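Now for the letters of each chain:
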Amino acid sequence: MLLEVKALEVHYGGIRAVKGIDLEVEQGELVCLIGANGAGKTTTLKAICRLLPSSGKIAYAGSDITRAKVHELPRQGLVMVPEGRGIFPQLTVEENLAMGAYVRGRVDAERQYATFPRLKERRTQVAGTLSGGEQQMLAIARALMTEPKLLLLDEPSMGLAPMMVARIFEVVREIAKRGVTILLVEQNARLALELAHRGYVMESGAIAVSGSAKSLLEDARVKEAYLGEAAS
Amino acid sequence: MDTFLQQMVNGLTAGSVYAVVALGYTMVYGIIQLINFAHGEVVMIGAMVAFSVINLLVPSGLPPLAIVLIGAGCAVPICMLVGYGMERLAYRPLRHAPRLAPLITAIGVSIILQHIALMIWSRNILAFPQIIPSRSYFIGGAAITTIQIAILAICFMLMASLAILVYRTPLGTAMRATAQNPQVAGLMGIDINRVIAVTFILGAGLGAVAGVLFGTYYGIAQYTMGSVLGLKAFSAAVLGGIGNIPGAMLGGVLLGVVEALGAGYIGDFTDVCAWGVPLAACEGGGTFILFGSNYQDVFAFLVLILVLVFRPQGLLGERVGDRA
């Protein structure tokens, strides 16, 4: 098991945003976490990355990271692409990528440029001037510079044009094929489930349903609530 | 014309020192949005430490240049330690506190450092030993001393090195990344506490050198020297756009020049006799000057007020300062 989350609880002041969830990601898997706005998906990812304090246990690659510091995790191959992309707007594309390689100390962006030729064209441009889709590409490319074992993607399709959404999902599929384990948080449940091996559905801070992506696509409740189909 | 050239030389010299001090303010502001009012005190401690070391070594018969270098060599690490200490003990615990808390703490740290210096070095104005023989060179009617040349050279070298560090090295890129988005910088594996500490240490090291240069230039040091110098450097940082590194350099040099030209001409412009007022003092080509060059300090703050009124983001700044 690459990632094992047990009884994870996160509080914002007095509010329990995540109410004791269990979640597992196997080496090489693409797992998606879907659910409505405010269900606790992003909070869960942030807790895994130690951006938020939590109770419960988080084990990554066999070691307990519940007490780890945020900046120690990329070194161990656990990297998150945050919601809203989180690029450094005043750094150039190149410098953004160099920050992804910060823990390895060796910058070889060619592989990312091969995947994202658009970024190569804009390598000396300041990242804040890129389009939304390009910024998302940059955020993913930057995370890949770390050579992650487990990539946490938080809503990579958010706010993008449909064509760009398709392109981003294609990229996610490619990365998964290279052997990177992925935990994907998405509101676009259908696309996510079509891509993933397994899925978890979150509802108000708890896991409502989980199972293989195929079974979730056919689950009546999931269909009705998240896939926009009437229950038959 | 002679006054103009001479005051340009003097202004550039003082301005380059302001610029080096202003970098300490602007780097810290850029990364944690804190105006570190104690930075002027770090400069003062740099001057004081160098003063003590130089006085201690004068009887040893070492070459004067070596003595000054050893003085600076002691001041820099001690100031770096002070800079690190204040970040670690005073500001880091308040990182997530409301903005006013660290700001008021900075004023507190400034008072503490001043009084520590008062206890160690007394309240007297200390005469900085002038051991380096100064020679003057004349260019177009203006004199420039060896010390001024050295100050200009050292300050511009420091600024160039800092610019290379910030814009051309991974550490510098990490500093800029942390300034733009500390949370994501952490997600990239950057230890932001370390980056912030390094920022304080670098700023304090620059401040220490500036303190030694300032002491050597004006020949005096006192435990209160940090406040006015600090405020001027802060004004310089605001003039250039606080948080902006090239801005601090530009602002410092400009402020020095404005101040020197102001001091050079204020007497002429406020000479009541030149206005044609018939006063007894004016008879036989006499003068009656309202404001003399001792009003020099006014200019820095005049510039600060004008900038805040007309261009609050500073010359090179983009962000409008809506924060304390």
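Residues numbered from 1 in each chain as written. Chains lettered and ligands numbered in written order. Predicted model: local features only at pLDDT ≥ 70, side-chain atom pairs only at ≥ 80, totals over all residues. Heavy atoms only, no water.

Turning our attention to the sheet that holds strand 2 (residues 15-25) of chain A. All names here are of chain A. If you trace the four strands from one edge of the open sheet to the other, you get 2-1-4-5, paired in antiparallel fashion. The outermost strands of the open sheet, each flanked by one partner alone, are strand 2 and strand 5 (63-64). The pairing of strand 1 (residues 3-12) with strand 2 spans eight bridges and is classified as antiparallel. Pairing of Val5 across the sheet is with Leu23, part of strand 2. Packed onto the sheet, helix 1 (residues 41-48) meets strand 1, strand 2 and strand 4 (55-60) and runs at close to 115° relative to strand 1. (Pairing = 2+ DSSP bridges. Helix = DSSP H or I, 4+ residues; strand = E, 2+ residues; numbered from the N terminus. Contact = heavy atoms within 4.5 Å. Axes fitted to C-alpha atoms, helices over the stretch in contact; angles between N-to-C directions.)

With that settled, the discussion passes to the state of the cysteines. Residue and element names in this part refer to chain B. Taken as a whole, this structure holds one disulfide over all chains when the rule is applied. Here Cys273 connects covalently by a disulfide to Cys282, the sulfurs 1.8 Å from one another. Disulfide Cys273 to Cys282: torsion about the S-S bond roughly -85°, handedness left-handed. By relative accessible area, which is 16% here, Cys273 ends up buried. Taking the relative accessible area as the measure of exposure, Cys282 reaches 16% and is therefore buried. (Disulfide = S-S within 2.5 Å. Buried < 20%, exposed > 50% of the residue type's maximum accessible area, 1.4 Å probe, protein only.)

Moving on to empty space enclosed by the protein. Residue and element names in this part refer to chain B. Taken as a whole and judged by the stated rule, the model has three cavities of 30 Å³ or more. What lines the largest cavity is Gly24, Tyr25, Val28, Asn36, His39, Val42, Gly83, Met86, Thr199, Phe200, Gly203 and Ala204. If one sorts the elements of the lining of the largest cavity by residue count, helix 8 (residues 192-218) sits on top with four residues. Across the lining of the largest cavity, the residue classes tally to six nonpolar, six polar and no charged. Of the voids in this model, the second largest cavity is the one considered here, and its volume is about 40 Å³. Taken together, Ile54, Val68, Phe128, Pro129, Gln130, Ile131, Ile132, Ile147 and Thr216 make up the full set of residues lining the second largest cavity. Looking at side-chain class alone, the lining of the second largest cavity contains seven nonpolar, two polar and no charged residues. (1 Å grid on protein atoms, 1.4 Å probe; cavity = no way out; pocket = protein on both sides within 12 Å on 5 of 7 lines; lining within 4 Å. Points joined across faces, edges and corners; volume = space filled by probe spheres on them. Nonpolar A, V, L, I, M, F, W, Y, C, P; charged D, E, K, R; others polar.)

Residues and elements named next belong to chain B. Counting through the fold element by element, Glu87 comes out in helix 3 (residues 64-91). For Glu87, a relative accessible area of 1% corresponds to the buried category. Apart from the residues within four sequence positions on either side, Glu87 is in contact with Arg92, Pro93, Arg95, Ile196, Ala197 and Phe200.

What follows covers the interface of chain B and chain A. Residue-level contacts link 18 residues of chain B with 20 residues of chain A. Of the roughly 1800 Å² buried between chain B and chain A, counting both surfaces, carbon and sulfur atoms make up 67%. Broken down residue by residue, the surface that chain B buries against chain A is led by Gln180(B), Leu187(B) and Met188(B), which jointly contribute 41%. The interface formed by chain B and chain A holds one salt bridge in total. Between Arg176(B) and Glu95(A) there is a salt bridge, and its shortest N-O distance comes to 2.8 Å. Applying the counting criterion to the chain B and chain A interface returns three residue pairs in polar contact (both at pLDDT 80 or more). At six residues, the largest contribution of residues to the side of chain B that touches chain A is made by helix 6 (residues 170-180) of chain B. By residue class, the composition of the side of chain B that touches chain A is nine nonpolar, six polar and three charged. (Buried area = accessible area lost by both parts, 1.4 Å probe. Salt bridge = Lys/Arg side-chain N within 4 Å of Asp/Glu carboxyl O. Polar contact = N/O pair within 3.5 Å; in protein donor to acceptor, adjacent residues only side chain to side chain.)

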